[in-house]
Amino acid sequence: MIWSLTLSFQRWKAATAAPRVFIGFQNFYNILFRDARFWNSLRFTVFYVALVVVLELFLGLLLAYILNERIRFRNFFRVLFLLPMASPPIAVAFIWRMLLNPDAGIVKVILGGLGINVVDWLTNARLTPFVLIAVDVWEWTPFMFLGLLAAFQSLPVELYDAVSVDGASRFQAFRYVTFPLLSPIMVTLVLLRAIDAFKLFELVFGITGGGPGSSTESLSYYTYTVGFQYFDLGYACSLSWIFLVIVLVISSFLLQRLRKEV
Amino acid sequence: MKISCKALLAVVLVLLVFSVAWAAEKTWQSQEGEFKGKTITVLITDPHTAVVEAWKPEWEALTGAKVEIIVVPYASLFDKMMTDFITGTGAYDLICWPSTWAGDVMGGGWVIPLDDYMKEYGYPGWDDVMPAIKVVVSWANKVYAFPYDGDCHMFYYRKDALENPDYQAQFEEKYGYRYNVPPKTWEEVMDIAEFFNGWDWDNDGETEYGFAFIAKRKTQAMWSYLDFVMQYAAQPGVAPFFDPDTMDPLVANPGWIEAMKMIQKATQFAPPGLLSYGYSELRQAFVSGNSAMAIDWGDIGIMEQSPEEYGSKVKGLLGYGPLPGAKKTYDFKEGKWVEGYNQVNFLNFGGWVFSISKYSKNPLAAYKFATYFTAPERSILDVCGIHGYTGANPWRLSHFEDLDKWVEGGWSKESAEKYLNTIRTILSDPKAVTDLRIPGAAEYYDYLDLHLAEVLSGQTEAEAACKAIYEDWVKITENYGKEAQRKLYRESLGLD
């Protein structure tokens, strides 16, 4: 940490023989005031995180609610829904890249069979971000599902018996009993998932490479590019520190807002 | 006295044996069991690995050495290679890399200069290497890489479309002029592309399109754009990247903007999946017969010849030509457009080369392995298709002479002659513009690639993209040191 903080105040192009030079806050100034790519990647990352967290929370809650009931093949579905999360993210990315291949991918074949002929999901700057979001939701909804299922199972049965006696409907029981009781674990899950989603890298690296254009370039991917493709290590460290501060600020903000709602 | 004579004779014999042994050792030719127990590691991308795979078994059997091949995707090659250099790990002995990174790799001093080895051990057929390729493998008058690939973009067209008299007549009626075959200007290409776009002109029951090129980000799309830039923003022999006096990027001048507008226009007459076309997708799609015209290195020509392996439906149907020119060019020195035909040959990429890492533990074995497979009698097999598609295009003078080998590689004599003539003309052009070779070339080009992708995907317009490239290039130059970059840029152009 100290080493990277030191580097963030230096210019160091590691691929050249040029020595490291102390430049004060120049890297930070350049990032914040001269780097359109930074702002673009930050915008995309925030948009991405907001959407995946909301969708995953909603779907995770729905799945946990359903699979908390005594339905047939419950255990089979519980295991099935956990599988995406168990796969290594980079493998997920490469597999989805193959599935989404616009020429020979299975997604094209299936959609084509249904009469839907969309082939530009990886080349349309408006569509591609949502493709990444869909893959993320597929991969990480199980995380929400797992946490919320565990929470569902720890809910006290007596409370439901009591509201049932009072004549509450299933929706009212959920709205006034289940939801408030689940809120603390939801806050925790949202925070954990948001922090993790902020680090979005593998899906971008494996599926889109940040494209088309710069439409899916995340902050992590941009930092990686600067650090390990341009070998501009001072600038990459400054980016990393800004990234850290942003995550801390957003996390604190989320935590406070959600606590208030609880 | 008798004893002294015998002793003298023995000494002479010993010296003779040693001198023969010494002489035998000092050759680029690999010797039997010479590197027994040693391992060399080669960092490489596909499809070039085909060359190493082809020669590895017999070189291993001959020398007793082992060759380990580490294959990485193109998009990861630079970081893998540079990380190894910067950390000094020495994980790779021999590295296959694109010579456009010369400023970083050779200029950075990360690879061994080969002059001493060439002097001591010799080099197979150095005089046989084309002059343009000798430039590509050198930096500051020293040779740092083994030539392996003669790279330049060329123009491909479907003869059954463009040479069809009925289509020519229809085109003339619609556009009011008769096009050239191959087309002479990008303006002409746009009209032809529009004419052949979106209908079944080869009567195979499928829709065909006008013009295809590499357009996907991080797969070398910027060289497609530079093919346009050369015609609108450069004159023969004048590189259009920076003002050599001030190091001010030229990328936002009217020539570059016009080129950006033209490549943006070209996407309208391209196959639907164009933005997902990296080099392999382009080649595969074009030889499957989906477009009338394309630009690429010599690779499409090789794949054209292999219906079984690459599903080529165009064997014998392709024509070859140099890059189209333009009807006007922007003279950055005068700051004005110059009307009149302009055609500039461009050595895009400059070719793949092999170098020995300065951290290599077995540099001599690496030297001898590289000279083994780049020797004239072996390299011809790699470039003509006998070893299938290797990604290597002709780069020795002798590669252009031995037509029998090309016929053996699956070519018709006529196709081979026209293909080779096109490449030879471009590589022999003393005024061909060489690629950007200063330190940071990979970074400059990554930003070029990024903003090009934004234009092609409709996120931004040509002028805004060129302005953004300009601002990014200024920052990169500042970061590397403007004066240092200016000096190196001028050196790379032979101005100082």
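Residues numbered from 1 in each chain as written. Chains lettered and ligands numbered in written order. Predicted model: local features only at pLDDT ≥ 70, side-chain atom pairs only at ≥ 80, totals over all residues. Heavy atoms only, no water.

## A short note on the overall build of chain A
Broken down by element type, chain A carries 12 helices and two strands. Starting at the N terminus and ending at the C terminus, chain A contains elements arranged as α-β-β-α-α-α-α-α-α-α-α-α-α-α. Counting the 262 residues in chain A, one finds 47% classified as buried. Across chain A, contacts joining residues at least 24 apart in sequence account for 69% of those joining residues at least 6 apart. Of the roughly 13700 Å² of accessible surface on chain A, a fraction of 70% belongs to carbon and sulfur atoms. Measuring between centres, the 20 positive side-chain charges of chain A sit 5 Å from its 15 negative side-chain charges. (Helix = DSSP H or I, 4+ residues; strand = E, 2+ residues; numbered from the N terminus. Buried < 20%, exposed > 50% of the residue type's maximum accessible area, 1.4 Å probe, protein only. Contact = heavy atoms within 4.5 Å. Areas by Shrake-Rupley, 256 points an atom, 1.4 Å probe, with all protein chains shown as cover. Lys, Arg positive; Asp, Glu negative; His and termini not counted. Charge placed at Lys NZ, Arg CZ, Asp CG, Glu CD.)

## Description of the sheet that holds strand S6 (residues 146–147) of chain B
Residues and elements named next belong to chain B. Ordered in space as S2-S1-S3-S14-S6, the five strands form an open sheet in which the pairing is mixed. In the strand order of this sheet, the two ends are held by strand S2 (66–71) and S6, each with one partner. Here helix H3 (residues 74–87) sits on the sheet and contacts strand S1 (39–44), strand S3 (94–98) and strand S14 (352–356); the angle it forms with S3, its principal contact strand, is near 130°. (Pairing = 2+ DSSP bridges. Axes fitted to C-alpha atoms, helices over the stretch in contact; angles between N-to-C directions.)

## Structural notes on the packing of helix H4 (residues 74–86) of chain A against helix H7 (residues 128–153) of chain A
For any two helices packed against each other, one specifies the inter-axial angle together with the distance between the axes. Residues and elements named next belong to chain A. Packing of H4 against H7 brings their axes to within 6 Å, and their N-to-C directions diverge by 135°. When the axes of H4 and H7 are compared, the pair comes out oblique. Crossing hand, H4 versus H7: left-handed. Note on element contacts: H7 touches H4 through Trp138, Glu139, Trp140, Pro142, Phe143, Phe145, Leu146, Leu149 and Gln153, opposite Arg78, Phe81, Leu82, Pro84 and Met85. (Parallel < 35°, antiparallel > 145°, perpendicular 65-115°, else oblique. Left-handed = near helix turned anticlockwise from the far one by under 90°.)

## Some thoughts on the state of the cysteines
All names here are of chain B. For the structure shown, the criterion picks out zero disulfides over all chains. We note that Cys152 lacks a disulfide partner, and the nearest cysteine sulfur, in Cys96, lies 17 Å from it. The class for Cys152 is buried, based on a relative accessible area of 2%. (Disulfide = S-S within 2.5 Å.)

## Comments concerning the pairing of S3(B)
Residues and elements named next belong to chain B. Burial of S3 is extensive: five of the five residues sit out of reach of the surface. Neither face of S3 is exposed, since Leu94, Cys96 and Pro98 on one face and Ile95 and Trp97 on the opposite face are all buried. Across two bridges, the pairing between S1 and S3 is parallel. Among the inter-strand pairings, Val42 is bridged to a residue of S3, identified as Leu94. Two elements, S3 and S14, share five bridges in a ladder whose sense is antiparallel. Residue pairing for S14: Ile95 is matched across the bridge by Ser355.

## With respect to the nonpolar core
Note on soluble globular proteins: their nonpolar side chains tend to be buried together. Of all hydrophobic cores here, the largest spans 243 residues; its most connected members are B:Phe211, B:Phe241, B:Trp256 and B:Trp473. Setting aside anything within four residues of it in sequence, one finds B:Trp473 in contact with B:Phe241, B:Phe242, B:Pro249, B:Val251, B:Trp256, B:Leu436, B:Tyr444, B:Tyr445, B:Tyr447 and B:Leu448. (Core = buried A, V, L, I, M, F, W, Y, C linked by side-chain atoms within 4.5 Å.)

## Side note on the sheet that holds strand S10 (residues 318–321) of chain B
Residue and element names in this part refer to chain B. Ordered by their spatial adjacency, four strands build an open sheet running S8-S9-S7-S10, and the pairing between neighbours is mixed. Across the chains shown, the open sheet's two edge strands, defined by having one partner strand only, are strand S8 (209–212) and S10. Across the sheet, the mean angle from the axis of one strand to that of its neighbour is 15°, orientation sign disregarded. Strand direction decides the pairing type here: strand S7 (residues 154–158) and strand S9 (residues 291–296), joined by four bridges, are antiparallel.

## Observations concerning the environment of A:Thr188
Following the sequence through the fold, A:Thr188 ends up in helix H9 (residues 170–198). Spatially, the C-alpha atoms of A:Thr188 and A:Asn75 are 25 Å apart, while their sequence positions differ by 113 residues.

## Topic: the UniProt feature "domain: ABC transmembrane type-1" (unreviewed entry) in chain A
In the numbering used here, UniProt assigns the feature "domain: ABC transmembrane type-1" (unreviewed entry) to residues 42–254 of chain A. Helix makes up 76% of residues 42–254 of chain A and strand 0%, and the two end C-alpha atoms of the span are 17 Å apart. (UniProt positions renumbered as here; feature names shortened; annotations may be inferred.)

## Observations regarding the packing of aromatic side chains
According to the stated counting rule, one finds 74 aromatic pairs over all chains in the structure shown. Judged by centre distance (5.9 Å) and plane angle (90°), the ring pair of B:Phe195 and B:Trp199 falls under edge-to-face. Given a relative accessible area of 8%, B:Phe195 falls into the buried group. Relative accessible area serves as the criterion here: at 28%, B:Trp199 is assigned to the partly exposed category. One Lys or Arg, A:Arg20, reaches over the ring of A:Trp12 and ends 5.0 Å from the middle of that ring. (Phe/Tyr/Trp six-rings, centres within 6.5 Å; stacked < 30°, edge-to-face > 60°. Lys NZ or Arg CZ within 6 Å of the ring centre and 35° of its normal.)

## Regarding the interface of chain A and chain B
Taken together, the 27 residues of chain A in the interface contact 26 residues of chain B. Interface area for chain A against chain B, summed over the two sides, is near 2400 Å², with a carbon-plus-sulfur share of 52%. Here chain A is connected to chain B by three salt bridges. Linking chain A with chain B are 11 residue pairs in polar contact (both at pLDDT 80 or more). Examining the composition of the side of chain A that touches chain B, we find that five residues originate from one element, helix H11 (residues 219–228) of chain A, more than from any other. Considered class by class, the residues forming the side of chain A that touches chain B number 12 nonpolar, eight polar and seven charged. (Buried area = accessible area lost by both parts, 1.4 Å probe. Salt bridge = Lys/Arg side-chain N within 4 Å of Asp/Glu carboxyl O. Polar contact = N/O pair within 3.5 Å; in protein donor to acceptor, adjacent residues only side chain to side chain. Nonpolar A, V, L, I, M, F, W, Y, C, P; charged D, E, K, R; others polar.)

## Remarks on the environment of B:Tyr310
Residue and element names in this part refer to chain B. Mapped onto the fold, Tyr310 is located in helix H14 (residues 307–310). Look at Tyr310 and you get buried, because its relative accessible area is 14%. For the pair Tyr310 and Gly481, spaced 171 residues apart in the sequence, the C-alpha separation amounts to 46 Å. In this view, Tyr310 contacts Gln284, Val287, Met303 and Tyr389; residues no more than four positions away in its chain are not counted.

## Side note on a nonpolar patch on the surface
All names here are of chain A. On the surface, a nonpolar cluster with roughly 590 Å² of combined accessible area is contributed by Ile106, Val109, Ile110, Leu114, Ile116, Val118 and Leu127. Structurally, Leu114 can be placed in the loop between helix H6 (106–113) and H7. In this structure Leu114 comes out as exposed when scored by relative accessible area, which is 62%. (Patch = residues over 30% accessible without salt bridge, like charges linked within 9 Å, V, L, I, M, F, W, Y side chains within 5 Å.)

## Considering the environment of B:Lys368
Residues and elements named next belong to chain B. Residue position: Lys368 is located in helix H15 (residues 363–374). Using a relative accessible area of 0% as the deciding quantity, one classes Lys368 as buried. Here the alpha-carbon distance between Lys368 and Ala102, two residues 266 residues apart in the chain, equals 22 Å. A polar contact of 2.9 Å, which involves the side chain of Lys368, links it to the backbone oxygen of Thr27.

## Topic: unusual backbone geometry
A cis geometry characterises the amide bond from A:Gly211 onward to A:Pro212, with omega recorded as 0°. The residue A:Pro212 is located in the loop between helix H10 (202–208) and H11 in this model. A cis amide bond links B:Asp46 to the next residue, B:Pro47, at an omega of 5°. Inspection of the secondary structure puts B:Pro47 in the loop between S1 and helix H2 (49–63). Positioned with a positive phi, B:Lys218 is a non-glycine residue whose angle comes to about 65°. On the secondary structure map, B:Lys218 appears in the loop between S8 and helix H10 (222–233). Phi is positive for B:Phe349, close to 80°, though the residue is something other than glycine. Here B:Phe349 is to be found in the loop between strand S13 (346–347) and S14.

## Regarding the UniProt feature "transmembrane region" (unreviewed entry) in chain A
Residue and element names in this part refer to chain A. Those places that UniProt annotates as "transmembrane region" (unreviewed entry) correspond, in this numbering, to residues 41–67, 79–99, 130–153, 173–192 and 233–255. Structurally, residues 41–67 comprises 100% helix and 0% strand, and the distance from its first C-alpha atom to its last is 37 Å. The span residues 79–99 shows a helical share of 90% and a strand share of 0%, and its end C-alpha atoms are spaced 23 Å apart.

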